[in-house]
Every structure is written in structure tokens, then in C-alpha cells.
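# Report on the structure
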Amino acid sequence: MAIELGIALDLSRARSDPETLAVLARRAEAGGLDLVVVRGDGAPEELHGLDPWTTAVWLAGRTKHIQFGVASPAPATDPTDPQAPYPAVVDKARQSLDLLAGTRLITSESAWVTAPEGAGPDQLRTLAEAGLPVVVPVRTEADVDRLTALLGEQGRGGRPRRPAAARARRRAGIDYDGIPESLADAAVEPGDPAFRATASTYLRGGSPGLVLRPRTPTEVSDALAFARRHRHLPLGVRSGGHGISGRSTNDGGLVIDVGGLNRIEVLDRDRRLVRIGPGATWKQVAAALDPYGWALGSGDYGGVGVGGLATAGGIGFLSREHGLTIDHLRAVELVLADGTPVRASKDENPDLFWAVRGAGANFGVATAFEFEVNELRELGWAHLVLVSTDMAQTLRRFGELASTAPRDTTAFLVTGRPRQGRSTVQLFSIVDAQDPEVVVDRLTPFTELGLLAQQQVVLTRYKDVMAQAADVGPDGHHGMGEPVSRSAFLPVLTDEFARDAARLLRSGLVYFFELRAMGGAIADTPADETAFAHRTPAFQVTAMGADQAALDAAWDGLAHHFDGLYLSFDTDLRPERLRDAFPPRVLAKLRGLKRRYDPDNLFRDNFNIDPRLDARAGMPAAERADEEATA
């Protein structure tokens, strides 16, 4: 049996000289011991001004790799007790310690066993049966050397495992020892150095219990097998980690991160057919296609991963001219809930191919996409910043201009809370034209939206537009908090909607508000050709805030303006949102396919289409009739 040994240092015995503690800690590290526990149980005057947490971090800086333990009992929460530490401050302190000491710090006393001072081999061996490190109080270097010698006699043996500091942060309900061999080397646990780079997303903080990072479709199957054994836990699937909805991370659950499946290759140059992995970002895709004079429309930000967007829709800067991203999809490879790899296209599993284009998160983990891309030369790119004192009029006029513009022109409007009666409006636009005069002619009407404060208009490549997104890098995303978002499709931007939206912005509930122009080629694809059925709206609207209940209440008051929603931008978990995302007949068909491809509802954490028959409770009569007809 493997045995882990450590030492316990008592601050009351430091005799006001912390350097003696550093000598003992370095001695333990040099001898191959695993853990140094810093204890400070005495009265303040007995600790000589030393704080256990600060001392542990200081000792970590004086050593290289040995782990440190500090007992950290749950703080009292009695607000009437002036001595009780504030829980949020304590939590922030723990985060700071993690940054300073890395993953070498254990703050739970239950993560080790304390032996009596001078404990012998048999006693240590018995205590080690608990599977935890055994720490022995020491006073001198000779005490440390005795433990080093005992460790040599006992031997470590057994299979290598993570350090105690990492094991101490494991979450309940996860069989860490049962991680498939194919995934074990790349798996990330809460105590691993790579955890901070994988836990959070672009906008949202997360703390999953385990991140599995498959690199092949076979490994995706292995990851799903592990997920099936842990159905009691939340399950997130992540490609690029940008998703606004936040469903690609969680608290204490599983995340399957397909970021390593990011290959981009040309399959057929004559057909402009390319194969793209779900973990690639649209910035990478644009850069890879540009040498061929090609482009594939995506969203509005190059840091977004391919997987999430390519299974939801893809409303971007090229959509009015070339359609949604999913309209260019010719085949998709994915792994089903039972671990079966399949290919879906118009000729192979066509019903699944229909479902994946708009509701893909419910049916499997995509491992590759085949797209037919467009030829695209230089284009006009504009970023205009304007100031408006009449937001309702600005929105009304934008609606007129953006919805009646030629197909080669797509404009997105972004604004937020007004300040002192003035609103800052950002306009992002692409004009697919190489003639500067045409670009200027298309954009000039939009300068009427307010006082023009800043402008950037250039002829450039699509790859350069997408390249404005920052590279994520090895440190990953470090989003924090729980931002909330609501989404809707707007059939037409009326005067009434403009007034109501301006009132919402004045309320202060929304700090980010975006209107994406639709129409044009989006409507060329018949509504029944894909699970994304909202083909005719003029705009897609997104609003972000900090309070879900407050934003929901305000957004519900605008519901009479809307017809459906874009699921990638919505954090409202109320079941009726599913009926907004999918019209009744579409939802009925999807539910029937869900029974076939995921009858046990493994993929349930992203606008879940519940396959169970009792999910019909509360449905509108039209949907219930369609459901019964397809059952």
C-alpha cells in the first residue's frame, strides 16, 4: 500500500523565528515527504504574530513542490458577532491563496490524519489505511530525518496517484479512480494546475468536478460512457468555451471539452468542401480558409468555438448574403448518447441531420463538420460609435435602415444603459464590396443614428475581422459571476418596440443590448429544412443583465413583440422557453427523434427536449396534438 508522510509545524513553538519553520519544511521536501501542515492553535501571543495561512503561503515560496495544509474551519455567519469572519471575504482569501500557492495548498483538515508525536512504523501504517497522508508533529531536523528514514523503509509502491492537495479538492459523487484509461492523462480535476484554465468560460465562473478532454471520437465515446455512470451530475459539453448561455460549465458536475478536436482540412477544393473539428474557433477557421479566397460566415466574434454555433444556427455578419452557418453544413459526425459514432447528412441519417441543425446539443457530441464554404474577396468593415439622446428614435431608424439594406450589407447595433440622458451606440457592419465608394454609400445612412463620435471603415479580409478576437491561450478563460441573458426574434422593429426597448435600457436592468439584422438569404432556406425554423424575423435581439428574475420580468413584458428565441443567447431555464425556441410541429418532431437517439435523456443540460411522454403536461393544445401524432 502506498503511504504518504508529512510533518506538522506548530507556530507556537516557532520562538518568533519563522526561519526555523522554513528549515524544517525544506528538510521535509528534500527527504521526499509529501506534506507540511501548519498549525496555530494557541493564543495570539503564543503564535508570535504568525498567521497559519500567511505562513503556509510564505513557506510555499521558500520551497519548490511540497504541499502545505492549513486547517480552515467553516467561518461563523452570525452577523451580530463582530469577530465572525465574513464568508465572502474568507472565500476571496482562499482564492488569493490559490493564486499565490498554486495547487499545493490544502485548507481542509479532513484531508490528512495526524499521528502522535514520535509515532512508530506500525502506528503510521495503521493510520495510512484511511488513504490519507499521515502527518507527525516535529520540533527538530532530527525528527524530520526520522520520518524520512521511515518512509524509505515503508516504500511507496502501488499505482501513482495525484497529490493529497489535489485529492482534497475532489467533489462528491464522482468516481475519479474509474476515469477511462484513454482519458486519464488529460483529465483535469479541481486540484490540478490546469483547473483554472478549464473551469470557467468566457463570461461565467465555473467549478466542475471533472473535465474530460477527449482527442478522438473513440475517446468521446469513452467520456460519454463515464457520463452515463454519473447521470446524477450536471453534464456540460464545451468546444470553445465562449457560450453566453453558460451551459458548457457547471458546479460540481462533468464537462466534456472537445477543444482538442480542432483540425481544419480541405476535402474537395473544386466544391470548396472543408472539414472542421468542433474545438476550432472561428478565428482559426477564417485564417485557414483565407489563402484559398474562401470564407464561412459565423457569428460576430472570432473567439467562439465551432461546435456550439454550428449546431445552433449561426447568425453573423455574412448571413444576410450567404445564410446561416448551418445552411452551409453538408455532413456532421457525432457520437450519440450510447457511445455510437454516426454520420449524418441529407443521404445518411437525414432526420438526425435535420435535428442537429438547430437543436444539436440534444442529440450527441459533434466530432467533425463538413461545410461548403463561399468565395469571398476583400470586403468593407466598419465600426462606428455614435451618441444618441433619443434612443427610441435611434432604434426605430436603425430598424428601417438595417432591414432594407441590400443583401451585401449587414449591420449589428450594440448599446447599454444611458448615462446623463445619452446613450453610446456601437455599429458593426460588413459590406461585401471592393469599391470604397460602394462601401461608403451603404454606410452613410447609418450615420444618422446619432452624433458620430468615432469611425473606422476599412477594406480588409474576413479573417482580419475575426482576428479581432483575443487568443485564449494556455491560461484559458477566466470568466466570473453568473451573467444572465435573454434572447428573442423580432419579426419587425416597430415604433412601439423602439419605445419599449428604450424604456428597458433606461431602467438600468440591461448593460448590454444587441440587435442583429437578419433577413436576406436567411429566409431563402425553407423553414422546415432545419430544426432552426425562425427564418423570417427581421432581427435577433439579446439583452444581458445581472438579475435573472428582474430581467425575466422585464423581458416578459416585451413578449408581444417577439416570435421565438435564439437558444445560444438565453439563460432563462423556465420550460416554456423551449416552446419559444421551437415551433410546435418542430418541437414535436424533435421530441420523437430524442426518444430514438437519446431515450434516457443524457444530454439534458442545454435547452433539453425531454423525451418522456409525461413531458407533454402543460403543452399548448397544438403541440400536444402534433406530439400524439408523432408518438
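The following paragraphs examine the structure supplied in this document. (Residues numbered from 1 in each chain as written. Predicted model: local features only at pLDDT ≥ 70, side-chain atom pairs only at ≥ 80, totals over all residues. Heavy atoms only, no water.)

## Comments concerning the overall build of the protein
- Each helix and strand in the protein was counted, giving 21 helices and 23 strands.
- Within the protein, contacts between residues separated by at least 24 positions form 74% of all contacts whose residues are at least 6 apart in sequence. (Helix = DSSP H or I, 4+ residues; strand = E, 2+ residues; numbered from the N terminus. Contact = heavy atoms within 4.5 Å.)

## Looking at empty space enclosed by the protein
- By the definition in use, this model includes two cavities of 30 Å³ or more.
- As for the largest cavity, its lining consists of Ala312, Gly358, Phe489, Ala531, Phe532, Ala533, His534, Leu565, Tyr566, Leu567, Ala581 and Phe582.
- Here the residues of the lining of the largest cavity sort into ten nonpolar, two polar and no charged.
- The space that makes up the second largest cavity amounts to roughly 30 Å³.
- Forming the boundary of the second largest cavity are Asp290, Gly293, Trp294, Ala295, Leu376, Arg377, Arg461 and Tyr462. (1 Å grid on protein atoms, 1.4 Å probe; cavity = no way out; pocket = protein on both sides within 12 Å on 5 of 7 lines; lining within 4 Å. Points joined across faces, edges and corners; volume = space filled by probe spheres on them. Nonpolar A, V, L, I, M, F, W, Y, C, P; charged D, E, K, R; others polar.)

## Topic: the packing of helix α13 (residues 350–359) against helix α20 (residues 584–597)
- At their nearest, the axes of α13 and α20 sit 11 Å apart, and the two run at 115 degrees to each other. Both α13 and α20 take part in a crossing whose hand is left-handed. Listed contacts from α20 to Asp351, Leu352, Trp354, Ala355 and Ala359 of α13 are Val586, Lys589, Leu590, Leu593, Arg596 and Tyr597.
- Residues of the contact of α13 with α20, tallied by class, amount to eight nonpolar, no polar and three charged. (Axes fitted to C-alpha atoms, helices over the stretch in contact; angles between N-to-C directions. Left-handed = near helix turned anticlockwise from the far one by under 90°.)

## A word on the packing of helix α1 (residues 19–30) against helix α2 (residues 52–62)
- Direction vectors running N to C along α1 and α2 enclose 55 degrees, while the axes themselves pass 10 Å from each other. When the axes of α1 and α2 are compared, the pair comes out oblique. When the axes of α1 and α2 are compared, the crossing they make is right-handed. Only Thr55, Trp58, Leu59 and Arg62 of α2 make contact with α1, whose side of the interface consists of Glu19, Leu21, Ala22, Ala25 and Arg26.
- Among the residues forming the contact of α1 with α2, the class breakdown is five nonpolar, one polar and three charged. (Parallel < 35°, antiparallel > 145°, perpendicular 65-115°, else oblique.)

## Comments concerning the sheet that holds strand β10 (residues 264–268)
- Spatial ordering of the open sheet is given by β10-β11-β15-β13-β14, a layout of five strands whose pairing is antiparallel. Single-partner strands in this sheet number two, and they are β10 and β14 (341–345). This sheet shows a mean twist of 20 degrees between the axes of neighbouring strands, independent of strand direction.
- Bridge analysis of strand β13 (residues 329–335) against β14 gives five bridges, and the strand direction is antiparallel. The residue of β14 that forms the bridge with Val332 is Ala344. (Pairing = 2+ DSSP bridges.)

## Focus: the nonpolar core
- If you look at the biggest cluster of nonpolar residues, it comprises 67 residues, and the most contacted ones within it are Trp282, Val332, Leu352, Phe371, Tyr462, Phe582 and Leu590.
- Leu352 has contacts with Leu334, Leu336, Val342, Ala344, Phe363 and Tyr597, leaving out every residue within four places of it along the chain.
- Residues Leu384, Leu395, Leu449 and Leu504 belong to the second largest nonpolar core, which totals 36 residues. (Core = buried A, V, L, I, M, F, W, Y, C linked by side-chain atoms within 4.5 Å. Buried < 20%, exposed > 50% of the residue type's maximum accessible area, 1.4 Å probe, protein only.)

## Focus on unusual backbone geometry
- Not every positive phi belongs to a glycine, and Arg272 is a case in point at roughly 55 degrees.
- In this fold, Arg272 is placed in the loop between β10 and β11 (273–276).
- Overall, the relative accessible area of 22% leaves Arg272 in the partly exposed class.

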